[in-house]
Amino acid sequence: MNRIDRLYALAEELRAAGPRGRTARQLAARFEVSVRTIERDLSALGQAGVPLATKQGRTGGYSVDRAMSLPPLNFTPREAMAVAVALSRSAHVLFARDSRTALQKIVAAMPQRDLDEARTAAAKVRLLVQPAPDPDGEIAEQIWRAVRDNQVLRVQYTDVGGVETVREIEPQHVVVGPNGSYLTAWCHLRQEDRVFRMDRITKAERTATLPLRPPAPDELHVDGYETKLPAAALRPEDLFPTPT
């Protein structure tokens, strides 16, 4: 996270915390930086006009007015509950932190009465989620960056028989399913498209090798499953076309 993103996230974290606020030590742990860095960031926010308040003592800390920089949109209780249900369906290590901050921004923007209604409604919903092995967080992030940037990875992979190989692959898609997460890729060793269980990738590093294969098509067919594309949710004009 660069400093500009952290400053914005810091303001949102404090606004969401309400009157209780957060200590510099709590904020440092949350953003994985030093207390000194947090104190410099808070000073920068104050100089930029963010209405910070400080409370001394054992329960003291920093807080900010919840009404500060209220986004120009709001969520109905049903909309907020729908987003919470959708995000709760996948606690994948790649998206867990971003899911948390997304919900935090939604909650911070809602009037208290609507928030209470959303929480009451959400308490009536139960999700059945089949436990699945998560990949290592750092390895998953390295894989994701290679997928995003179309870069070749050198991975150490252990197959179902316990045989370990080192190979170069060209990542195509991260596939999140009910039984775990997978990576589709062109394998230089096998010279064909392969599917790798992400929790069996024990090491991953980007290489200087240029990709040899063209980008993979958007379609992904797996027997017995329906493939959904999250990108569609970011194009509401396609989901809800304007009537002609």
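Note that residues are indexed from 1 along each chain, following the sequence as it is written. Residue-level local features of this predicted model are given only where pLDDT is at least 70; pairs of side-chain atoms are given and counted only at 80 or more, and the full residue set underlies all totals for whole chains, interfaces and linings. Note that the side-chain values use all heavy atoms of the structure and ignore hydrogens as well as water.

Undergrad: Honestly, the sheet that holds strand E7 (residues 201-206) in this entry has me stumped. Any pointers?
TA: Sheet strands line up and pair through hydrogen bonds in the backbone, either parallel or antiparallel. If you trace the five strands from one edge of the open sheet to the other, you get E6-E5-E4-E3-E7, paired in antiparallel fashion. Across the chains shown, the open sheet's two edge strands, defined by having one partner strand only, are strand E6 (192-197) and E7. Between one strand axis and the next, the sheet turns through 45° on average, direction left out of account. Here strand E5 (residues 180-187) pairs with E6 via six bridges, running antiparallel. Paired with Ala 185 across the strands is Arg 194, a residue of E6. Here, two residues are considered to be in contact whenever any of their heavy atoms come within 4.5 Å of each other. Interaxial angles span 0 to 180 degrees and are taken between N-to-C directions of axes, which are lines fitted to C-alpha atoms, for helices over the stretch in contact. Helix and strand assignments follow DSSP, with helices taken as H or I runs no shorter than four residues and strands as E runs no shorter than two, numbered in order from the N terminus. Here helix H7 (residues 137-149) sits on the sheet and contacts strand E3 (153-158), strand E4 (164-177), E5 and E7; the angle it forms with E7, its principal contact strand, is near 45°. Strands were regarded as paired on the criterion that DSSP finds at least two bridges between them.

Undergrad: So what exactly am I meant to see when it comes to the layout of surface pockets here?
TA: With a probe scaled to a water molecule rolled over the atoms, the places where space remains empty come into view. Cavities and pockets were defined on a 1 Å grid built from protein atoms only: a cavity is a group of points that admits a 1.4 Å probe but offers it no way out, a pocket is an open group of points flanked by protein on both sides within 12 Å along at least five of seven lines, and a lining residue is one with an atom within 4 Å of any such point. Grid points are joined across faces, edges and corners, and a volume is the space filled by probe spheres set on the points. Of the pockets and cavities examined, the second largest pocket occupies roughly 910 Å³. Along its surface, the second largest pocket is lined by 28 residues, and Met 1, Leu 94, Arg 97, Asp 98 and Glu 141 are the ones closest to its centre. For the lining of the second largest pocket, the elements supplying multiple residues, two or more each, are helix H1 (3-17), helix H2 (24-31), helix H5 (96-109) and H7. Of the residues forming the lining of the second largest pocket, the biggest block, eight residues, is contributed by H7.

Undergrad: Even after reading the chapter, I still don't get the pattern of salt bridges, so can you show me in this structure?
TA: Side chains that differ in sign of charge can pair as their charged atoms come close. Within this document, salt bridges are pairs made up of a side-chain nitrogen of Lys or Arg and a carboxyl oxygen of Asp or Glu, the two lying within 4 Å of each other. Across all of its chains, the model carries 14 salt bridges by this definition. Put simply, Glu 12 and Arg 15 hold a salt bridge, and the shortest N to O gap is 2.8 Å. A residue pair is termed a helical-turn pair when its members lie 3 or 4 positions apart in one helix, as Glu 12 and Arg 15 do in helix H1 at three residues. Buried residues are those whose accessible area, probed at 1.4 Å on protein chains only, stays under 20% of the maximum for their type, while exposed residues exceed 50% and partly exposed ones sit between those limits. Owing to a relative accessible area of 0%, Arg 15 belongs among the buried residues under this scheme. Salt bridges here are not isolated pairs; linked through shared partners, they connect Glu 13, Arg 22, Arg 30 and Arg 100.

Undergrad: In this structure, what is going on with the side chain of Glu 170? I would like to understand it.
TA: Locating Glu 170 in the fold gives a position in strand E4. Pairs of N or O atoms are called polar contacts if they sit within 3.5 Å, as long as, within protein, a hydrogen donor faces a hydrogen acceptor (for residues adjacent in sequence, only side-chain-to-side-chain pairs). Separated by 2.7 Å, the side chains of Glu 170 and His 188 make a polar contact. Residues contacting Glu 170, with those up to four places away along its chain left out, are Val 152, Thr 184, Ala 185, Trp 186, His 188, Pro 211, Leu 212 and Arg 213.

Undergrad: What is the right way to read the nonpolar core from this model?
TA: The nonpolar side chains of a soluble globular protein tend to be buried, and buried together. Only buried residues count toward a nonpolar core, which is a set of Ala, Val, Leu, Ile, Met, Phe, Trp, Tyr and Cys residues joined through side-chain atoms within 4.5 Å. By size, the foremost hydrophobic cluster in this structure holds 18 residues, and its most contacted members are Ile 143, Ile 169, Leu 183, Phe 196 and Ile 201. Contributions of two or more residues to this core are made by H7, E3, E4, E5 and E7. With five residues, the top contributor of residues to this core is H7. Leave out the neighbours within four places in its chain, and Ile 201 touches Ile 139, Ile 143, Val 155, Gln 156, Tyr 157, Leu 183 and Phe 196. Core analysis: the next-biggest nonpolar cluster, separate from the first, contains 13 residues, Leu 7, Ala 24, Ala 28 and Val 64 among them.

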